[in-house]
Amino acid sequence: MYKILIVDDEIFVRMGLKLSIDWESNGFTVIGEASSGTEALEKIQSNVPDIVITDIKMPGMDGVQLIKALSEKYPAVKCIVLSNYNEFELVKEAMKFGAVDYFLKVTIEPEKLIALLHKICAETDNEKSIMNDLSELRQTLRHHRTVIDNKFYLDLIKPGLNEEAVRSKVKALELDLYDDQGHILLLMLSDYERLSADRFRSDRDLLTFTILNVAEELINDQSSGKIIECSPGAYAIIVSFKEQADKRAVHSLALRIYTTIHDYLSMESIVVIGQPFRGGVQLREGLLQLEQMKFLAFYAPTGVVSIEQHTGKLTEQWSAQQQGSSVEDIHRAYMDIRKQIVQFIKLGTGELIPPILSGFLDNCREHQIDPTTVKRYAISIAHLIQDELIMQDANASGSLTDKLERVMKQVDSSFNITELKEVCGAFVREYAAWIGKLGHPPIREEVAKAIDYIRRRYHERVTLEDVAEYISMNKSYFSRLFKQETGEMFHEYLIRTRMEQAQELLLSSDAKISDIAIEVGYNDIFYFNRAFKAYAGMPPSEYRNKIQSKG
């Protein structure tokens, strides 16, 4: 129903209007009445009507002033004027401010008033329909423009472009660059998958449309530019200031973008300020640097960060990643926790998995490992846990597959290490609960702690006495308990742990056998060779050659 507010300083006029018309049967409801313009505005603040029927001459704020105020604050509200014979000049004034029609109080007929109200409502509905159509059209055009911009962006960062081809691609982007120069910013949204699924009901186009609108409005305030979605939840912002911009102006714009998205859209994000550019070639170089900017964003807190502040360190880390520095250490750590996870699942101690995975991700943060590699490790671990669970409970396959698909999306869309840790923490806790339902007899907490100690410190000198002291237990009792719970003697478990790690290092690295021996806890190379042969049936050098020749 359409909402009506009646405003007149005479109570008999108000009562007459309310009682002379069957409002509801005509599709209207009178939401209230007021005796002055001031009172009417107060009521409108809490309940906005569709139509106001107002007297033109009232004490205090009169009808003309009320209509003027409504035209400024509530332009969608339509106004009908009630007047006397000698008030025509005031009526003309009211019409100037947007009143749609008027009636003389002494000659007003309910049927004519209802007819006018229906006419106003029909016109309002038509206006709304047109506005909706225009909005949909603008959104469609924006979507097509976004698709086109993305294509030109992808063309611009293709390898092997000469200078003329670069100029052609830049021209196709229709950039309005002042003095042919500008800056590149990278905006990345936190928790993109959840935002898209929950708040935007899986309408990614609407989410993108919202972000583009907000960013463009802020950019066009004092500059020109273009926003391009370079990947889901990541937006390249090319901006050129009308006047020469220093670092403070660029940082101010980046901060306004971050603050607006945080305060008005309730979204967490990070804005990375790239290097300034002049000309199309430098613009292309800046866009090619987006991957490094994403690298920086992955390990930075939310807010605004400048690539210039991290240039030396970032270049060093980026080069190290490309050359494989630090990657071998992380890969060894990854292979180690895989073995621990398998062991924990077999023992039914899933609660030990979250802390070792969290520690591994902290290790990745410390070494600043390429985010794509870190995410690949996280997904691989999720696959490993699922496979192990299915081997022990075939009926779990369907549920676990659905869970894994969700986890993979969440991992892939994690925009920084903090978010990735939250995602991984949540899924391994779910898996840990599942492991607890498999029916394993629960392993004693003391033995679980002992296993964790061995797995973390096998490369050091580890003795039965050390571990027994660590868990505050008599060593003889601990030795019997360990055998009872795991099926292996303490020294057998320690040797197996060291040998499994040695086998992995022999195959995944070119390290000297003497170095591998030290890395897995043997300072005496001859003793290591003897122990390895007893475990694997051949010396370490033969094992490496034989396995690699088969590969």
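Above this text you will find the structure in question.
Rules of the game
- Residues numbered from 1 in each chain as written.
- Predicted model: local features only at pLDDT ≥ 70, side-chain atom pairs only at ≥ 80, totals over all residues.
- Heavy atoms only, no water.
- Helix = DSSP H or I, 4+ residues; strand = E, 2+ residues; numbered from the N terminus.
- Buried < 20%, exposed > 50% of the residue type's maximum accessible area, 1.4 Å probe, protein only.
- Contact = heavy atoms within 4.5 Å.
- Areas by Shrake-Rupley, 256 points an atom, 1.4 Å probe, with all protein chains shown as cover.
- Phe/Tyr/Trp six-rings, centres within 6.5 Å; stacked < 30°, edge-to-face > 60°.
- Lys NZ or Arg CZ within 6 Å of the ring centre and 35° of its normal.
- Core = buried A, V, L, I, M, F, W, Y, C linked by side-chain atoms within 4.5 Å.
- 1 Å grid on protein atoms, 1.4 Å probe; cavity = no way out; pocket = protein on both sides within 12 Å on 5 of 7 lines; lining within 4 Å.
- Points joined across faces, edges and corners; volume = space filled by probe spheres on them.
- Expected span 1.5 Å × (residues − 1).
- Patch = residues over 30% accessible without salt bridge, like charges linked within 9 Å, V, L, I, M, F, W, Y side chains within 5 Å.
- Salt bridge = Lys/Arg side-chain N within 4 Å of Asp/Glu carboxyl O.
- Polar contact = N/O pair within 3.5 Å; in protein donor to acceptor, adjacent residues only side chain to side chain.
- Pairing = 2+ DSSP bridges.
- Axes fitted to C-alpha atoms, helices over the stretch in contact; angles between N-to-C directions.
- Disulfide = S-S within 2.5 Å.
- Parallel < 35°, antiparallel > 145°, perpendicular 65-115°, else oblique.
- Left-handed = near helix turned anticlockwise from the far one by under 90°.
- Nonpolar A, V, L, I, M, F, W, Y, C, P; charged D, E, K, R; others polar.

Caption draft 1: Spotlight on the overall build of the protein chain. In terms of regular secondary structure, the protein chain is built from 24 helices and 10 strands. Looking at the protein chain as a whole, 47% of its 551 residues are labelled buried. Across the protein chain, every contact between residues at least 6 apart in sequence was considered, and the portion connecting residues at least 24 apart equals 69%. Counting every atom, the protein chain has about 28100 Å² of accessible surface; 50% of that belongs to carbon and sulfur.

Caption draft 2: Representation of the packing of aromatic side chains in the model. Counted by the stated rule, this structure contains 18 aromatic pairs. Ring centres 6.3 Å apart and planes at 45° place the aromatic pair Tyr 334 and Phe 360 in the tilted group. Pair noted here: Tyr 334 is in helix α13 (residues 327–347) and Phe 360 is in helix α14 (residues 353–367), with a separation of 26 residues, a long-range link. Among the residues examined, Tyr 334 registers a relative accessible area of 6% and is labelled buried. One residue, Lys 96, lies across the ring of Phe 97, its end atom 5.5 Å from the ring centre. Note that Arg 498 overlies the ring of Tyr 522, its terminal NZ or CZ placed 5.3 Å from the centroid.

Caption draft 3: Highlighting the environment of Cys 424. You can see Cys 424 is positioned in helix α17 (residues 417–436). Given a relative accessible area of 1%, Cys 424 falls into the buried group. Remark: the alpha-carbon pair of Cys 424 and Ile 381, spanning 43 residues in sequence, is separated by 9.6 Å. Beyond its immediate chain neighbours, meaning those up to four positions away, Cys 424 contacts Leu 357, Leu 361 and Ala 378.

Caption draft 4: Structural detail: the nonpolar core. Grouped together as the largest cluster of nonpolar side chains are 70 residues, with contacts concentrated most on Phe 360, Ile 385, Leu 420, Phe 427, Phe 478, Phe 482 and Phe 528. Residue contacts for Phe 360: discarding those within four places in its chain leaves Ile 330, Ala 333, Tyr 334, Ile 337 and Tyr 377. Judged by nonpolar contacts, the second largest core, of 29 residues, contains Leu 195, Leu 218, Leu 253 and Met 267.

Caption draft 5: Quick look at the layout of surface pockets. Its volume calculated, the largest pocket comes out at about 530 Å³. For the largest pocket, the lining is made up of 25 residues, of which Ser 231, Lys 294, Lys 375, Asp 412 and Ser 414 are closest to its centre. Secondary-structure elements contributing two or more residues to the lining of the largest pocket are β6 (181–189), α7 (192–199), α11 (290–299), α15 (371–392) and α16 (397–413). Ranked by residues supplied to the lining of the largest pocket, first place goes to α15 with five residues.

Caption draft 6: Looking closely at α17. The end-to-end C-alpha distance of α17 is 28 Å, a good match for the 28 Å that 20 residues give at a rise of 1.5 Å each. Regarding α17, the residues found buried are Ile 417, Glu 419, Leu 420, Val 423, Cys 424, Gly 425, Phe 427, Val 428, Tyr 431, Ala 432 and Ile 435.

Caption draft 7: Spatial organisation of unusual backbone geometry. In the Ramachandran plot, Ser 266 falls in the positive-phi region, its phi being about 55° despite a non-glycine side chain. Along the chain, the position of Ser 266 falls in the loop between α9 (247–265) and β9 (269–278).

Caption draft 8: Summary view of a nonpolar patch on the surface. A cluster of nonpolar side chains, namely Ile 11, Phe 12, Met 15 and Leu 19, defines an oily patch on the protein surface of about 480 Å² accessible area. Within the secondary structure, Leu 19 sits in helix α1 (residues 11–20).

Caption draft 9: Layout of the side chain of Glu 488. Its place among the elements puts Glu 488 in the loop between α20 (475–486) and α21 (490–508). On the accessibility criterion, Glu 488 (17% relative accessible area) is buried. In this structure the side chain of Glu 488 is engaged in a polar contact, spanning 2.9 Å, whose partner is the side chain of Arg 496. Those residues within four positions of Glu 488 in sequence are excluded, and the remaining contacts are Phe 482, Lys 483, Tyr 493 and Arg 496.

Caption draft 10: Spatial organisation of the sheet that holds strand β2 (residues 28–34). Read from one edge to the other, the open sheet built from five strands follows the order β2-β1-β3-β4-β5, with strand pairing classed as parallel. Each edge of the sheet is formed by a strand with only one pairing partner; in this case those strands are β2 and β5 (101–104). Direction aside, the axes of adjacent strands within the sheet are offset by 20° on average. Pairing of strand β1 (residues 2–7) with β2 involves six bridges; the strand directions are parallel.

Caption draft 11: Structural detail: the sheet that holds strand β8 (residues 234–241). In space, the five strands of this open sheet follow the order β7-β8-β6-β9-β10, with mixed pairing throughout. Two strands bound the open sheet, and with one partner strand each, they are β7 (223–231) and β10 (303–306). Pairs of neighbouring strands in the sheet enclose a mean axial angle of 25°, with direction left out of account. Pairing between β6 and β9: eight bridges, direction antiparallel. Directly across from His 183, in β9, lies its bridge partner Pro 276. Contacts from helix α10 (residues 279–288) reach β6, β8 and β9 within the one sheet, and its direction differs from that of β9 by about 150°.

Caption draft 12: Just the pattern of salt bridges, in detail. The full count for this structure, using the stated rule, is 17 salt bridges. Here Arg 14 ties to Glu 33 by a salt bridge, and the two come within 2.8 Å at their closest N and O atoms. Of this pair, Arg 14 sits in helix α1 while Glu 33 sits in strand β2, and the two are 19 residues apart along the sequence. The buried category is assigned to Arg 14, whose relative accessible area is 11%. One salt bridge in this structure joins Arg 457 and Glu 460, with 3.0 Å as the shortest N-O distance. Owing to a relative accessible area of 30%, Arg 457 belongs among the partly exposed residues under this scheme. Here Glu 460 falls in the partly exposed class, since its relative accessible area comes to 32%.

Caption draft 13: Structural view of the state of the cysteines. Under the definition given, this model contains zero disulfides. No disulfide involves Cys 424; its sulfur sits 9.7 Å from that of Cys 364, the nearest cysteine.

Caption draft 14: Up close: the packing of helix α2 (residues 37–46) against helix α3 (residues 63–73). Remark: α2 packs on α3, axes separated minimally by 9 Å, with the N-to-C direction vectors making an angle of 25°. When the axes of α2 and α3 are compared, the pair comes out roughly parallel. Once α2 is placed against α3, the crossing between them reads as right-handed. Contacts from Gly 37, Ala 40, Leu 41 and Ile 44 in α2 reach Leu 66, Ala 69 and Leu 70 in α3. Looking at the contact of α2 with α3, its residues break down into six nonpolar, one polar and no charged.

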